Structure formats: C-alpha cells, structure tokens
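# Structural description and commentary
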Amino acid sequence: MGQTVSVHAQVEILAPPATVRSIFLDFAQYEKWHQGWEITPVDPAKKPSELKNADTLKVSMHGMTFHPTVTHNTSESFIWEGSLWGLLVGKHEFAFSPSKENPGGTTFVQSEEFRGPLTVLYWPWRNTEHISPNWEAFNVALKEEAEKTS
C-alpha cells in the first residue's frame, strides 16, 4: 500500500555499544566533535537518555530543522519519526549493535524509511547519494570520538 524508500549508512566502531550510545545521546557535546547537527529535547528538563515514546525533539541537520517525535529509546536503538503534513513520513533509526567483525566493538547503523504520498519524489535517492554524505560524516565523527574515548 504505497511506496517505501529506505536508506542507510553503517560504520564499525572500536568501542562498546554502551560507549557509542552514551556519546550519541550526549547531544550537548555534538559541537565539540561534529559540526552541522544539533539535537535537543523540546522539554529542556528531559535528559536524552530519559527520552521516551511521544517526546519531541528539535533537530537541525545542516540547516534543515524539524521536530520529530521519539518512538524508541533503548540500549539497542534510538528512533524518531517526523512528518511533512502526513505527505512524507520519515522514521530515522540509530542502531548500536555488538560488532560481529570486531569483538567488543559496535556496528553503528543510521537508517531511514520514507513513506507517504510524496515518497515517489524521493525514489531517486534510493542510492543515498544525497543523504549518505551527511550521515557518513556524522558516523565517522562519532567513530573518532568513541574510539578516542574508549
């Protein structure tokens, strides 16, 4: 029922998943290790580690600002969902999995699934050439920070 487009970017990090997740959730420190992304809870009293289903974020990624809703926040993943008037819905996941390639390390994956009537406009992005560079830059910066910390 309708078209879905999925994109993802993955990196292997030589640090445990708990360390990677901790650095990822320390939104206030992003400016120290990565430029271009800002994530803040709309409710300033909420710590990122305490965010739960239905909490709202303010997210700026390279000048594009939106207000997604958290749908999942566990040790394995952090997921938000945002919508453009229901015409384009994006579900963005950050996954922290134990690495199968590097014992004690993390496989970090960013993925997004687009759905809704405007999804067909995103069909050319299936190869991720428009999204991937920003995500990969974030992934590399997270990797460097986590490996430096570990």
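Residues numbered from 1 in each chain as written. Predicted model: local features only at pLDDT ≥ 70, side-chain atom pairs only at ≥ 80, totals over all residues. Heavy atoms only, no water.

## Regarding the environment of Ser 97
Along the chain, Ser 97 turns up in strand β7 (residues 88-98). Taking the C-alpha atoms as reference points, Ser 97 and Trp 80, separated by 17 residues in sequence, lie 18 Å from one another. Here Ser 97 is in contact with Pro 17, Gly 105, Thr 106 and Thr 107, once residues within four sequence places are set aside. (Helix = DSSP H or I, 4+ residues; strand = E, 2+ residues; numbered from the N terminus. Contact = heavy atoms within 4.5 Å.)

## So, the environment of Gln 29
With respect to the element layout, Gln 29 can be found in the loop between α1 (17-25) and α2 (30-33). Residue class for Gln 29 comes out partly exposed when judged on its relative accessible area of 26%. (Buried < 20%, exposed > 50% of the residue type's maximum accessible area, 1.4 Å probe, protein only.)

## Remarks on the pattern of salt bridges
Counting across every chain of the model gives four salt bridges. Ionic pairing is found between Arg 115 and Glu 81, a salt bridge with its closest N-O pair at 3.2 Å. Taken together, the positions of Arg 115 in strand β8 (residues 106-115) and Glu 81 in strand β6 (residues 77-84) put the pair 34 residues apart, joining distant regions of the chain. (Salt bridge = Lys/Arg side-chain N within 4 Å of Asp/Glu carboxyl O.)

## Examining the packing of aromatic side chains
Following the criterion strictly, the structure yields 19 aromatic pairs and no others. Ring geometry for Phe 24 against Phe 27: centres 6.0 Å apart, planes inclined by 85°, an arrangement best described as edge-to-face. With respect to burial, Phe 24 and Phe 27 carry one shared label: buried. Seen in terms of ring centroids, Phe 24 and Phe 108 are 6.4 Å apart; in terms of plane orientation they differ by 45°. Their pairing is tilted. Remark: Phe 108 occurs in strand β8 and Phe 24 occurs in helix α1; sequence separation between them is 84 residues. Side by side, Phe 24 and Phe 108 carry an identical accessibility label, which is buried. (Phe/Tyr/Trp six-rings, centres within 6.5 Å; stacked < 30°, edge-to-face > 60°.)

## What to know about the sheet that holds β7
Spatial strand order, β1-β8-β7-β6-β5: five strands in an open sheet with antiparallel pairing. The open sheet has two edge strands, β1 (4-13) and β5 (69-73), and neither has a second partner. Each strand of the sheet is rotated relative to its neighbour by a mean of 15°, with strand direction disregarded. Sheet topology places β7 next to β8; ten bridges connect them, and they run antiparallel. Within the sheet, the bridge partner assigned to Phe 96 lies in β8 and is Phe 108. Relative to β7, α1 is tilted by about 140°, and along the sheet it contacts β1, β5, β6, β7 and β8. (Pairing = 2+ DSSP bridges. Axes fitted to C-alpha atoms, helices over the stretch in contact; angles between N-to-C directions.)

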